Amino acid sequence: MLTIAGVSGAAALAGCVGGSGSDSGTFVNAYTGNPADLHFNTSAIQNYRWPAGRAVFAPFMKYSFTENEFLLGALDDLEIDGEEVTLTFRDDLAWDDGDEWTTEDLDVQLQLAEKSGSSLWGYLDDYEIVDDKTARLLLSGPTNPQIVRFELTNFLVDTKAETHEQWLDADESEFLRWEWEDPVASGMFSFVSKDRQAFEFEPNPEFYNADNVDIDTFLIDSYGGNTAQHQALMSGTEADAALSLFAPPEIVDQFPDHVVEIQIPAKWGYGIVFNHDDPHFGQREVRQAVAHVIDRESIVENAGPRSKFVTPTPCGIAPRDQEYWLDDWYDDFETYGAGSSQTDQATQLLEDAGYTREGETWEDSDGNTIGGEYYSPAGWTDWTTMSQTVVSQLNEFGFDFSVSTKPTNDWFSQYSNSNFAMGSLYWLPGGSRSSFPYFPLYYQLWEEEIGGGHNYREKADSEQTIPDRDGGEMTLTPLEVTEEIARQSSDEEARPYVQQAAWHNHIELPFLGLVSKYEQSWVTDDEWTVAAEDSPNRQVKWPQFWWVHEGALQPRT
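Treat the numbers as computed from the prediction; the structure is a model and nothing was measured. Numbers given for residues are sequential positions, taken from 1 along each chain in its written order. In view of the model being predicted, local features appear only for residues whose pLDDT reaches at least 70, and side-chain atom pairs are presented and counted only at 80 or more, with totals across whole chains, interfaces and linings using the full set of residues. Calculation of side-chain values draws on the structure's entire complement of heavy atoms; hydrogens and water are dropped beforehand.

### Section: the overall build of the protein chain
Reasoning step 1: Think of it this way: any DSSP run of H or I at least four residues long counts as a helix, any run of E at least two long counts as a strand, and we number them from the N terminus. Looking only at helices and strands, one finds 19 helices and 23 strands in the protein chain.
Reasoning step 2: Relative to the compact-globule value of 24 Å for 557 residues, the protein chain shows a C-alpha radius of gyration of 24 Å, a close match.
Reasoning step 3: For the C-alpha atoms alone, the extent of the protein chain along its principal axes is close to 65 × 55 × 45 Å.
Reasoning step 4: Here, two residues are considered to be in contact whenever any of their heavy atoms come within 4.5 Å of each other. Within the protein chain, contacts between residues at least 6 apart in sequence are counted, and of these 70% link residues at least 24 apart.
Reasoning step 5: For the charge count, each Lys or Arg is scored as positive and each Asp or Glu as negative, with His and the chain ends excluded. To locate a charge, take NZ of a lysine, CZ of an arginine, CG of an aspartate or CD of a glutamate. Distance between charge centres in the protein chain, computed from 31 positive and 99 negative side chains, equals 2 Å. Note on method: radius of gyration uses C-alpha positions; expected globular size equals 2.2 Å times residues raised to 0.38.

Quick look at the structure:
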């Protein structure tokens, strides 16, 4: 291993074997995050980071936004017949230690998915192992086939029976705390090492598409924030790619011509998470007041209209999908003023809830102001701008917030431990599955990525009465209605449940969806080939991994 000035391992390699123009056998991905703190247990989301997992674990299947079609990875075939889903895996699927992958591994994976509350089990009744490469999922009732396909795009071949079966009889909390440091790979690369600077990987000779992998060393290199990643791409020599990196127009103009942008619908974006056990934000009127005060269009204007856009109405559904799913209900939804700060409506809501404005701030009957620390992830420059815009608007109205930026791990910890009042968090789970409204609506009720730390889980499973469209009342159990979406065999049958769940969401606001975006992913093409613009592989999350999988990213000769 190369060593420089006492620095060894991946850090040294990343530091001197740069990207474009230095060594065509080494591919450097710029990323934010300290690899030394991260691991490969994909169920322990708080300290698991997807780029490292995507490097070593093969995907079941992927979704192409270019063609709006599903692409197979580790799966050789997928058949959905009524309430049975047959998964047939590739004959050449194997682990990098030389062991063959079999459905014994899948058996353990599905058991652990049930233990950890995977959304798959929201509509799965049981499963059967058919043979070494085939399994059958038995659905709990009629299910829209799209939801099954989208769910499977979120599954990786990441569970080896002999490694993971130790957790079958353990408590869920023990499994979710397990930090898997030395993974057995099923995907393109094998894990070599990690330190504070970088993850290092090498080609996995057992990978089923190993002939497509022509990269000697694959690095995920920590650059400490967006600005450092921008500089790495501007240099033309430090980095070959940036996985997901916001860059405003004035920065893009400074990139060399060989830096290629790939825009992919994110189905993800900036929003607000409330602590529903907080004395202020546990009240619906206060949450609605926040929604009325915030001018969403100004957030986009400040942080990057090139790649971002507002949600028409905060209702738990991705912006570009709302009209289709809400249909004739669409015009009845409260917009909360996408392009204005509706302070009159917010004032009335707070006064109705018993608050008074004393001087410059709103207070409750005990003299407590509404506010606190508003958490935002350090190094995410566009999120910092959006958080500052939100807090400025709220404080001008009379709230009392201050922006507190935290390293990503600490940011998650604040929410997981319910140690917050209100803060920034993505309001859509992201990826192709967020095109189907079940996933984002369920996510906002449950939010398993923070362990339900926003304290809405119990409320979601309880009967609630809310205003209806005609000025009367409707009673529903939000989680039950949302789960019904997944059980319908077509969009038309699912739509009434989507409408009810979205109506509840826009009134109750378990989250507040503000902004969505196109992902900006970057690859250099001076030394590396890239997928053609009309290729099904072009708009797949994420190019730096799927293009390698398909042989579209290789050294230029």
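That was the structure; now back to the text.
### Brief notes about the packing of helix α10 (residues 296–303) against helix α13 (residues 381–397)
Reasoning step 1: Lines are fitted to the C-alpha atoms to define the axes, a helix being fitted only along its stretch in contact, and any angle between axes, read from their N-to-C directions, falls within 0 to 180 degrees. Viewed as axis vectors pointing N to C, α10 and α13 meet at an angle of 145°, and their least axial separation amounts to 9 Å. When the axes of α10 and α13 are compared, the crossing they make is right-handed. Contacts between α10 and α13 involve S298, I299, N302 and A303 from the first element and D382, T385, M386, T389, V390 and Q393 from the second. Crossing chirality is assigned from the near helix's rotation relative to the far helix, an anticlockwise turn below a right angle marking it left-handed and a clockwise turn marking it right-handed.

### Side note on the nonpolar core
Reasoning step 1: Residue types Ala, Val, Leu, Ile, Met, Phe, Trp, Tyr and Cys, when buried and joined through side-chain atoms within 4.5 Å, form a set referred to as a nonpolar core. Only protein chains enter the accessibility calculation, which uses a 1.4 Å probe. A residue is then buried if its area is under 20% of the maximum for its type, exposed if over 50%, and partly exposed in between. F40, F89, Y123, F189, F201, F218 and Y438 are the most contacted members of the largest nonpolar core, which has 103 residues in total.
Reasoning step 2: The element that contributes the greatest number of residues to this core is helix α18 (residues 491–508), accounting for 6 residues.
Reasoning step 3: Beyond its immediate stretch of four places on either side in the chain, F89 contacts F60, A74, L75, D76, W101, L106 and K133.
Reasoning step 4: Core analysis: the second largest hydrophobic core is formed by 52 residues, V273, I370, M422 and I450 among them.

### What to know about the packing of aromatic side chains
Reasoning step 1: Think of it this way: a Phe, Tyr or Trp ring, Trp meaning its six-membered ring, pairs with another when their centres are within 6.5 Å, and the plane angle makes it stacked under 30 degrees, edge-to-face over 60, tilted otherwise. Enumeration according to the criterion identifies 54 aromatic pairs in this entry.
Reasoning step 2: With a centroid separation of 5.8 Å and 5° between ring planes, the pair formed by F27 and F218 is classed as stacked. Taken together, the positions of F27 in strand β1 (residues 26–31) and F218 in strand β10 (residues 217–222) put the pair 191 residues apart, joining distant regions of the chain. As far as the burial class goes, F27 and F218 line up, both buried.
Reasoning step 3: Here, a charge over a ring is recorded when the distance from Lys NZ or Arg CZ to the ring centre is within 6 Å and its angle to the ring normal is within 35 degrees. Directly above the ring of F309 sits R320, whose terminal nitrogen or CZ lies 3.7 Å from the centroid.

### Section: the sheet that holds strand β4 (residues 75–81)
Reasoning step 1: When DSSP finds two or more bridges between two strands, those strands count as paired. With antiparallel pairing, the 4 strands of this open sheet are ordered in space as β4-β5-β7-β6. Two strands close off the open sheet at either side, each with one partner strand: β4 and β6 (124–131). Averaged over all adjacent pairs, the angle separating strand axes in this sheet is 15°, with direction ignored.
Reasoning step 2: Across 6 bridges, the pairing between β4 and strand β5 (residues 84–89) is antiparallel. Paired with L78 across the bridge in β5 is L87.
Reasoning step 3: Against the sheet, helix α3 (residues 103–115) touches β5, β6 and β7 (134–139), its axis set at about 170° to β6.
Reasoning step 4: In this fold helix α4 (residues 145–152) packs onto β4, β5 and β7, with an angle of close to 155° to the strand it touches most, β4.

### Focus: empty space enclosed by the protein
Reasoning step 1: A 1.4 Å probe that fits into a set of points on a 1 Å grid over the protein atoms alone but cannot get out defines a cavity; an open set with protein on both sides within 12 Å along at least five of seven lines defines a pocket, and lining residues are those with an atom within 4 Å of a point. Grid points are joined across faces, edges and corners, and a volume is the space filled by probe spheres set on the points. Counted according to the given criterion, the structure contains 3 cavities of 30 Å³ or more.
Reasoning step 2: Approximately 80 Å³ is the volume attributed to the largest cavity.
Reasoning step 3: Forming the boundary of the largest cavity are R54, F57, P59, K62, L156, M188, K541, W542, F545, W546 and H549.
Reasoning step 4: Looking at which element gives the most residues to the lining of the largest cavity, the answer is helix α19 (residues 543–550), with 3 residues.

### Some remarks on the confidence of the model for the protein chain
Note that predicted coordinates carrying low pLDDT should not be read in detail.
Reasoning step 1: pLDDT is defined as a per-residue confidence score from the predictor, taking values between 0 and 100. On average, residues of the protein chain score 92 in pLDDT, and 96% of them reach the 70 mark or higher.
Reasoning step 2: With pLDDT under 50 throughout, residues 1–22 is counted as low confidence; its partners more than four residues away or in other chains account for 58 contacts.

### Considering the pattern of salt bridges
Reasoning step 1: Salt bridge criterion: a side-chain nitrogen from Lys or Arg within 4 Å of a carboxyl oxygen from Asp or Glu. Tallied over the full model, the rule gives 20 salt bridges.
Reasoning step 2: With its nearest N and O atoms 2.8 Å apart, the salt bridge here joins K160 to D99. Of this pair, K160 sits in the loop between α4 and α5 (161–164) while D99 sits in the loop between β5 and α3, and the two are 61 residues apart along the sequence.
Reasoning step 3: Taking the relative accessible area as the measure of exposure, K160 reaches 3% and is therefore buried.
Reasoning step 4: Judged by its relative accessible area of 33%, D99 is partly exposed.
Reasoning step 5: One salt bridge connects R487 with E484, and the closest N-O pair in it is separated by 3.2 Å.
Reasoning step 6: Residue classification places R487 among the partly exposed residues on the basis of a relative accessible area of 24%.
Reasoning step 7: Put simply, D97, D99, K160 and E162 are held in one network by salt bridges that share partners.

### What to know about α10
Reasoning step 1: Along α10, the positions that sit buried rather than exposed are R296, S298, I299, V300 and A303.
Reasoning step 2: Turning to α10, the residues buried within the fold contact β14 (308–310), α13, β22 (511–513) and β23 (515–524).
Reasoning step 3: Nitrogen and oxygen atoms within 3.5 Å of one another constitute a polar contact, given that in protein one can donate a hydrogen and the other can accept it, and given that sequence-neighbouring residues count only through two side-chain atoms. Between a side-chain oxygen at the N-terminus of α10 and the backbone nitrogen of E297 the separation is 3.1 Å; the capping residue is D295.

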